[in-house]
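Coordinate analysis (summary)
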Amino acid sequence: MSLPTGHVTSFHQFSKIFVEQYIVNKAPPRVFYDLFDIRQYQGESLRDYLNRFGAQMVHSPAKDEEMLVYAFKKGVLPGPFCEALIRAHPATFAEVRRLAVTHIADESEVAEKRGSVAPARPRAQTGIRPQRVLETAAARRDQRTRQPYDPRKNKGRSQGRQQPAQQPARWEYNRPPRHKFVMGLADLIAVPNISARLKAPEKVGDKVLGPKPDAWCEFHQAFGHTVDSCLALGYQLDDLVKSGFLNDYLLDRRTGGASSSQPAGGEVQQHEMPTHG
């Protein structure tokens, strides 16, 4: 439309002008070494890379199988498939495709497994001890060899620490405060977010930790005292109460009752902190 009137005098001249005008829109001819520019992107699946390489291979003039295999191997990202490809030494691209199909199926299965959401662990209910904890405690009781408590071993030690009758024992001053919780201590320490905050005690093997060889402590996983009288657990729970982490588990905060440091009467079960451990 921009040519002056009478400029075009023949169809041959018109064709030449037309080609010169739109030659830039013509795609350049494909050459065989274009395949070496195809690389697998970071995060691209093997399926997408194989399809993209195959689409380019259809329009490529290259027909040499050895060169096609080499170009494909050069573009693959390092990983399990690349290692399998090197070990297999495929001679044709059809062999490469068969090997890739196997790894694509593995990729799909792994991706589906990663995408699945694991079920959340149910929260411990008040007054009900989790069955899994019961089974674990019972199994450990059966496996351990109970060592009877011998008071003679601690006779000299206890005499050296005797206090006058009119004064309370020294450990009375060091007992952690008593706190009332909405569940038993064995259930409380089984709650995942609470157990993660507790520092696990050292393993004692078959040693009996206290004067009661038939009493079992779920915190120490040992005989000798109960979990309600465990000093080590009492100190850690007291720290968590002071930091406010156990506010939702304190009975007085749930019911508006008396302060946790002063035991209240009635039918409320108290879990006191503690005398042994």
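For the structure itself, consult the block above.
What comes next concerns the included structure.

Definitions and limits used
- Position numbers for residues count from 1 along each chain, tracking the sequence in the order it is written.
- Residues qualify for local features only when their pLDDT is at least 70, as the model is predicted, and side-chain atom pairs are given and counted only at 80 or more; totals for whole chains, interfaces and linings, by contrast, use all residues.
- To obtain the side-chain values, all non-hydrogen atoms of the structure were included, while hydrogens and water were left out.
- Numbering of helices and strands starts at the N terminus; helices are DSSP runs of H or I of at least 4 residues and strands are runs of E of at least 2.
- It only takes one pair of heavy atoms within 4.5 Å for two residues to be counted as in contact.
- For the accessible areas, the method is Shrake-Rupley and the probe is 1.4 Å, while residue cover comes only from the protein chains on display.
- Buried Ala, Val, Leu, Ile, Met, Phe, Trp, Tyr and Cys residues form a nonpolar core when they are joined through side-chain atoms within 4.5 Å.
- Three labels apply to residues, based on accessible area from a 1.4 Å probe with only protein chains included: buried if under 20% of the type maximum, exposed if over 50%, partly exposed otherwise in between.
- Aromatic rings from Phe, Tyr and Trp, taking only the six-membered ring of Trp, are treated as a pair when their centres fall within 6.5 Å; an angle between ring planes under 30 degrees marks them as stacked, one over 60 as edge-to-face, and anything in between as tilted.
- By the convention used here, strands pair only if DSSP detects at least 2 bridges between them.
- In this analysis, the expected span of each helix is defined as 1.5 Å times one less than the number of residues it contains.

1. Some points on the overall build of the protein chain
- A tally of helices and strands in the protein chain yields twelve helices and two strands.
- For the protein chain, the N- to C-terminal ordering of α and β elements is α-α-α-α-α-α-α-α-α-α-β-β-α-α.
- Put simply, 63% of the contacts in the protein chain that link residues at least 6 apart link residues at least 24 apart.
- A total accessible area of about 19,200 Å² is found for the protein chain, and carbon and sulfur atoms account for 53% of it.

2. So, the nonpolar core
- Formed by 22 residues in total, the largest nonpolar core has its most connected members in Phe181, Leu233, Leu237 and Tyr249.
- Mapped by element, the contributors of at least two residues to this core are helix H9 (185-188) and helix H11 (231-242).
- At four residues, the largest contribution of residues to this core is made by H11.
- Leaving out residues up to four positions away in the same chain, Leu233 has contacts with Leu185, Ile189, Leu198, Phe219 and Val227.
- Counting residues in each nonpolar core, the second largest holds 19 residues, with Phe53, Ala71, Leu85 and Phe93 among its members.

3. Here's the deal with the packing of aromatic side chains
- Per the counting criterion, the structure on display carries eleven aromatic pairs.
- Each member of the aromatic cluster is reached from another via a ring pair, and the members are Tyr49, Phe53, Phe72, Phe81 and Phe93.

4. A closer look at the pairing of strand E1 (residues 212-217)
- Of the pairings in the sheet, the one linking E1 to strand E2 (residues 222-224) comprises three bridges and is antiparallel in character. What sits directly across from Lys212, in E2, is Gly224.
- Hairpin connection between E1 and E2: a loop of four residues separates the two successive antiparallel strands, and Gln221 in this loop has a positive phi of roughly 55 degrees.

5. Digging into unusual backbone geometry
- Here the phi dihedral of His89 falls at roughly 55 degrees; this positive angle occurs in a residue that is not glycine.
- Structurally, His89 can be placed in the loop between helix H4 (80-88) and helix H5 (93-115).
- You can call His89 exposed: its relative accessible area is 62%.
- Even without being a glycine, Gln221 presents a positive backbone phi close to 55 degrees.
- Along the chain, Gln221 falls in the loop between E1 and E2.

6. Quick look at the environment of Asp206
- Structurally, Asp206 is set in the loop between helix H10 (192-195) and E1.
- The class for Asp206 is partly exposed, based on a relative accessible area of 37%.
- Spatially, the C-alpha atom of Asp206 lies 9.7 Å from that of Gln221, the residues being 15 residues apart in sequence.

7. Re the side chain of Glu44
- Tracing the backbone shows Glu44 in the loop between helix H1 (11-22) and helix H2 (46-59).
- For Glu44, a relative accessible area of 16% puts it in the buried group.
- Those residues within four positions of Glu44 in sequence are excluded, and the remaining contacts are Arg39, Tyr49 and Arg52.

8. Here's the deal with H11
- Here H11 contains twelve residues, and its C-alpha end-to-end distance of 16 Å stays within 8% of the 16 Å for a straight helix at 1.5 Å per residue.
- Of the positions making up H11, those classed as buried are Leu231, Leu233, Gly234, Gln236, Leu237, Asp238, Leu240 and Val241.
- Of the surrounding secondary structure, the elements contacted by the buried residues of H11 are H9.
- Once H11 finishes, Gly244 follows within two positions and takes phi at roughly 85 degrees, a positive value.

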